[in-house]
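# Descriptive structure summary
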Amino acid sequence: MSSAATPASAALPFGRLTTAMITPFRPDGALDLAAAQKLANHLVEQGNDALVVNGTTGESPTTSDAEKVQLIEAVLEAVGDRAKVVAGVGTNDTAHTIEGAKAAEAAGAHGLLVVTPYYNKPPQDGLKAHFTAVADSTGLPVMLYDIPGRSGVPIRTETLLALAEHPRIVAVKDAKGDLAATTKVLANSGLVYYCGADELNLATLAIGGVGIVSVVAHVASPQYRQLIDAAVAGDLETARRIDRQVIPAVEAIMTRTQGAIMVKAALKLTGILEHTTVRLPLVEASAGLVDGLTTDLKNAGLTV
């Protein structure tokens, strides 16, 4: 099946700009639903079409199943019909992932983000069976999350092409960093691609990606909205200018330490988040990291 066969209704299953949301916690480590709603509303006002909750940036390894449902419901209440809410449900246990998928559907999520099972390093046949079982378990559209740097296993091209035949597997969040492989999948399937690595946002859009699922968009959504719009319009000069402008923010948030740590620090600097609490094994950003982050955000033209 070629990409030209993609139905018009499925061309943008999750819009173009999506932020992979952090999960706010109070100083005692409890879930802060009010802060989550404030952040979700802010991101939608800043131009997001969708929000991913309970992803890795949302510290999903250390939130309970009940907390995940609470977060989905709170964010849905905050954004209403202004944006889609995509629930991260992937684990390295297929049965547990299916439970999470069904719970997310019951809570009202609009779609599922399903990461490659991590640590146990399944073979490609196992990945195909895993993703198919999850997609079969609900009526929601599925975005596969291909991030071998975290999972230890890539979703290989032939596996992606096979999974593309499933009617509910419609998109890929691509953090593999292999643009040639991405191009091959785009040329031979109806899957739509969202860049999942902020340093490759423009490159992915240039080869046919439809949008981005971004961490840096927590503080740079207007810039990324402009970048996407420019790229879609064929204005590569503008897209390149914006892409290069935000490089200091990308480096500060994505390369100094774990992304959720730095995003929470950045959101506090920009006045959106009151507390930067994370759950162990993560730790809050040091004063030195925050000082460097402040400088880098300013160099990216962002207000702090």
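Cut-offs applied
- Residues numbered from 1 in each chain as written.
- Predicted model: local features only at pLDDT ≥ 70, side-chain atom pairs only at ≥ 80, totals over all residues.
- Heavy atoms only, no water.
- UniProt positions renumbered as here; feature names shortened; annotations may be inferred.
- Buried < 20%, exposed > 50% of the residue type's maximum accessible area, 1.4 Å probe, protein only.
- Helix = DSSP H or I, 4+ residues; strand = E, 2+ residues; numbered from the N terminus.
- Contact = heavy atoms within 4.5 Å.
- 1 Å grid on protein atoms, 1.4 Å probe; cavity = no way out; pocket = protein on both sides within 12 Å on 5 of 7 lines; lining within 4 Å.
- Phe/Tyr/Trp six-rings, centres within 6.5 Å; stacked < 30°, edge-to-face > 60°.
- Lys NZ or Arg CZ within 6 Å of the ring centre and 35° of its normal.
- Arc of directions from axis to C-beta.
- Salt bridge = Lys/Arg side-chain N within 4 Å of Asp/Glu carboxyl O.

Looking at an unreviewed UniProt entry, one finds the protein named 4-hydroxy-tetrahydrodipicolinate synthase, with Kribbella amoyensis as its source organism. Here the protein is described in UniProt, under the heading Sequence similarities (unreviewed entry), as follows: "Belongs to the DapA family."

### Description of helix 11 (residues 247-255)
Within helix 11, the full set of buried residues consists of Pro-248, Ala-249, Val-250, Ala-252 and Ile-253. On its buried side, helix 11 packs onto helix 9 (217-232), helix 10 (236-245), helix 12 (259-269) and helix 13 (287-299).

### Some words on the UniProt feature "binding site: pyruvate" (unreviewed entry) in the protein
With numbering aligned to this structure, UniProt lists the feature "binding site: pyruvate" (unreviewed entry) at Thr-57 and Val-213. Look at the named residues: they lie 157 residues apart in sequence, but the longest C-alpha span between them is just 11.2 Å, so in the fold they bunch up. Of the residues named above, Thr-57 and Val-213 line the second largest pocket. Its location among the elements puts Thr-57 in the loop between strand 2 (50-53) and helix 2 (65-79). Structurally, the position occupied by Val-213 is in strand 8 (residues 211-214).

### Topic: the packing of aromatic side chains
A complete count under the given rule lists one aromatic pair for this structure. We note Lys-173 situated over the ring of Tyr-145; from NZ or CZ to the ring centre the distance is 4.0 Å.

### Notes on the UniProt feature "active site" (unreviewed entry) in the protein
Mapped onto the present numbering, the UniProt feature "active site" (unreviewed entry) falls on Tyr-145 and Lys-173. These annotated residues cover 29 residues of sequence, and their C-alpha atoms all fall within 4.7 Å of one another, placing them together at a single site. Lining residues of the largest pocket drawn from the annotated set just named are Tyr-145. Residue placement: Tyr-145 occurs in strand 5 (residues 142-146). For Tyr-145, a relative accessible area of 7% puts it in the buried group.

### Side note on helix 7 (residues 179-188)
All of the buried residues in helix 7 are Ala-181, Thr-182, Val-185 and Leu-186. Viewed along the axis of helix 7, the buried residues span an arc of 135°, placing them on a single side of the element. As for helix 7, its buried residues are in contact with helix 6 (157-163), strand 6 (169-174) and strand 7 (192-195).

### Regarding the pattern of salt bridges
Throughout the structure, instances matching the rule amount to seven salt bridges. Two residues, Glu-67 and Arg-279, come together in a salt bridge whose shortest N-O distance is 2.8 Å. Taken as a pair, Glu-67 in helix 2 and Arg-279 in the loop between helix 12 and helix 13 lie far apart in primary sequence, 212 residues in all. Per residue, the accessibility class of Glu-67 equals that of Arg-279, and both read buried. Notably, a salt bridge pairs Asp-146 with Lys-176, separated by 2.8 Å at the nearest N-O pair. Here the residue Asp-146 occupies a position in strand 5, and Lys-176 occupies one in the loop between strand 6 and helix 7, the gap between them amounting to 30 residues. Each of Asp-49, Arg-225 and Asp-229 takes part in one network of salt bridges that share partners.

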